[in-house]
Amino acid sequence: MVEQTIDAGPVALRSSPLAHLEDRMRAAAVTGARGVTLMERPFLTMVNVRVDPGSETAVRIEKTLGTRLPGECGHTTASGPHTAVWLGPDEWLVISRTDGAALTAELREALGADPGSIVDVSANRTTLELRGPSARQVLEKGCPLDLHPRAFGPGRAVSTTVGPVAVLLRQLDDAPAYQLLPRSSFADHLARWLIDAMSEFRGPEVP
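Residues numbered from 1 in each chain as written. Predicted model: local features only at pLDDT ≥ 70, side-chain atom pairs only at ≥ 80, totals over all residues. Heavy atoms only, no water.

Trainee: Give me the packing of helix α3 (residues 56–65) against helix α4 (residues 100–111): which residues, what numbers.
Mentor: Across the interface, α3 lies against α4 with an axial gap of 8 Å and an inter-helix angle of 150°. It follows from the interaxial angle that α3 and α4 lie roughly antiparallel. The two elements α3 and α4 meet at a crossing, and its hand is right-handed. Every residue of α4 that contacts α3 at Thr57, Arg60, Ile61, Thr64 and Leu65 is listed here: Leu103, Glu106, Leu107, Ala110 and Leu111. In terms of residue class, the contact of α3 with α4 is built from 6 nonpolar, 2 polar and 2 charged. (Axes fitted to C-alpha atoms, helices over the stretch in contact; angles between N-to-C directions. Helix = DSSP H or I, 4+ residues; strand = E, 2+ residues; numbered from the N terminus. Parallel < 35°, antiparallel > 145°, perpendicular 65-115°, else oblique. Left-handed = near helix turned anticlockwise from the far one by under 90°. Contact = heavy atoms within 4.5 Å. Nonpolar A, V, L, I, M, F, W, Y, C, P; charged D, E, K, R; others polar.)

So this is what it looks like as structure tokens:
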């Protein structure tokens, strides 16, 4: 009998920055009226886009994405698997559920020889998802933003800090659910901070 060796390839062998904390994040979940959960959503495609807004090049990129590039700080736009997040006057982060290499190639084709840049930065960050009735209160322990619905809601995303870590913070819905995108090298620190911040919600609310 001949044993067959299967080459798993680099994608199958990769490990997420927070794989070692998966059990701890699951155990930290709080249920009920004060519920809050934390999990990692690893390996999302992230492509940094720099281009002159309003240019013909930007229009081609928008057609490739199927959505316009947001024009204001804190705003996002989305179509299908793609979400474009405003990072600066001529800079966006495209977050996608599609293959990174394929999306990057499509966007570079749209850019052509015109000024600008398209860079796959998927390995730079990971994604934490914080969800539940107490999610906003957990973030408010260490985030300087006004996260009240009157100031921040679904479809908003900004660069800020949570605890000691710089993140891109994005609100997904009114549950509320948030995504936090830290640099991969700081993800462990942030996850442990969030786990600690969640612990108080296991007990009764202090009147």
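That was the structure; now back to the text.
Trainee: Just give me the short version of the state of the cysteines, but keep the residues and values in it.
Mentor: Counting across every chain of the model gives 0 disulfides. Not part of a disulfide, Cys73 finds its nearest cysteine sulfur in Cys143, a span of 13 Å. Given a relative accessible area of 8%, Cys143 falls into the buried group. (Disulfide = S-S within 2.5 Å. Buried < 20%, exposed > 50% of the residue type's maximum accessible area, 1.4 Å probe, protein only.)

Trainee: Report on the pattern of salt bridges, specifying residues and quantitative values.
Mentor: Oppositely charged side chains may form a pair once their charged atoms are brought near each other. Tallied over the full model, the rule gives 13 salt bridges. The shortest N-O distance in the salt bridge between Asp23 and Arg26 comes to 2.9 Å. Remark: Arg26 and Asp23 occur in helix α2 (residues 22–27); sequence separation between them is 3 residues, near one turn of the helix. For the pair Asp23 and Arg26, one class covers both residues: exposed. In this structure, Glu129 engages Arg131 in a salt bridge whose closest nitrogen and oxygen atoms are separated by 3.1 Å. Exposure remark for Arg131: the relative accessible area of 31% places this residue in the partly exposed category. One connected set of salt bridges, linked through shared partners, spans Arg41, Glu129, Arg131 and Asp173. (Salt bridge = Lys/Arg side-chain N within 4 Å of Asp/Glu carboxyl O.)

Trainee: Tell me about the nonpolar core, and name the residues and values.
Mentor: With 30 residues, the main nonpolar core has Leu128, Leu130, Leu139, Leu169, Leu180 and Leu194 as its most contacted residues. Contributing elements (two or more residues each) for this core: β7 (128–131), α5 (135–140), β8 (157–162), β9 (165–173), β10 (177–182) and α6 (187–198). For Leu180, the contacting residues outside a window of four places in its chain are Thr126, Thr127, Leu128, Leu130, Leu139, Val162, Leu168, Leu169, Leu190 and Leu194. One finds Val47, Leu69, Ala110 and Leu111 within the second-largest nonpolar core, a separate group that totals 16 residues. (Core = buried A, V, L, I, M, F, W, Y, C linked by side-chain atoms within 4.5 Å.)

Trainee: Residues and numbers for unusual backbone geometry, please.
Mentor: Here the amide bond leading from Ala175 into Pro176 is cis, since omega sits at 0°, within 30 degrees of zero. Among the structural elements, Pro176 can be located in the loop between β9 and β10. In this structure, Phe43 takes a positive phi of about 65° despite not being glycine. Structurally, Phe43 is set in the loop between β1 (37–40) and β2 (45–50). Judged by its relative accessible area of 40%, Phe43 is partly exposed.

Trainee: Talk me through the sheet that holds strand β4 (residues 82–88); I want residue IDs and the actual numbers.
Mentor: Spatially, the 5 strands line up as an open sheet ordered β3-β4-β5-β2-β6, and their pairing is antiparallel. Single-partner strands in this sheet number two, and they are β3 (76–79) and β6 (117–120). Strand-to-strand twist in this sheet, taken as the mean axis angle between neighbours without regard to direction, amounts to 20°. By the bridge criterion, 4 bridges tie β3 to β4 in an arrangement that is antiparallel. Pairing of Ser79 across the sheet is with His82, part of β4. Contacts from α4 reach β2, β4, β5 (91–96) and β6, with the element oriented near 175° to β6. (Pairing = 2+ DSSP bridges.)

Trainee: Account for the confidence of the model for the protein, with residues named and values stated.
Mentor: The predicted coordinates ought not to be read in detail in places where the model reports low pLDDT. Residues at a pLDDT of 70 or more form 93% of the protein, whose mean pLDDT is 93. For residues 1–8, every residue scores under 50 in pLDDT, and the model assigns this stretch 1 contact once sequence neighbours within four places are set aside. (pLDDT = per-residue confidence, 0-100.)

Trainee: I'd like to hear about the pairing of β9, residue by residue, with values.
Mentor: The side chains of a regular strand alternate, first on one face of the sheet and then on the other. As defined by bridge partners, β8 adjoins β9 across 6 bridges and the pair is classed as antiparallel. Each residue of the ladder has a partner; that of Ser159, found in β9, is Leu168. Connecting β8 to the antiparallel partner β9 that follows it, the hairpin turn spans 2 residues, and Gly163 within it adopts a positive phi of roughly 60°. Across 6 bridges, β9 lies against β10 in antiparallel orientation. For Val167, the partnering residue across the bridge sits in β10 and is Pro182.

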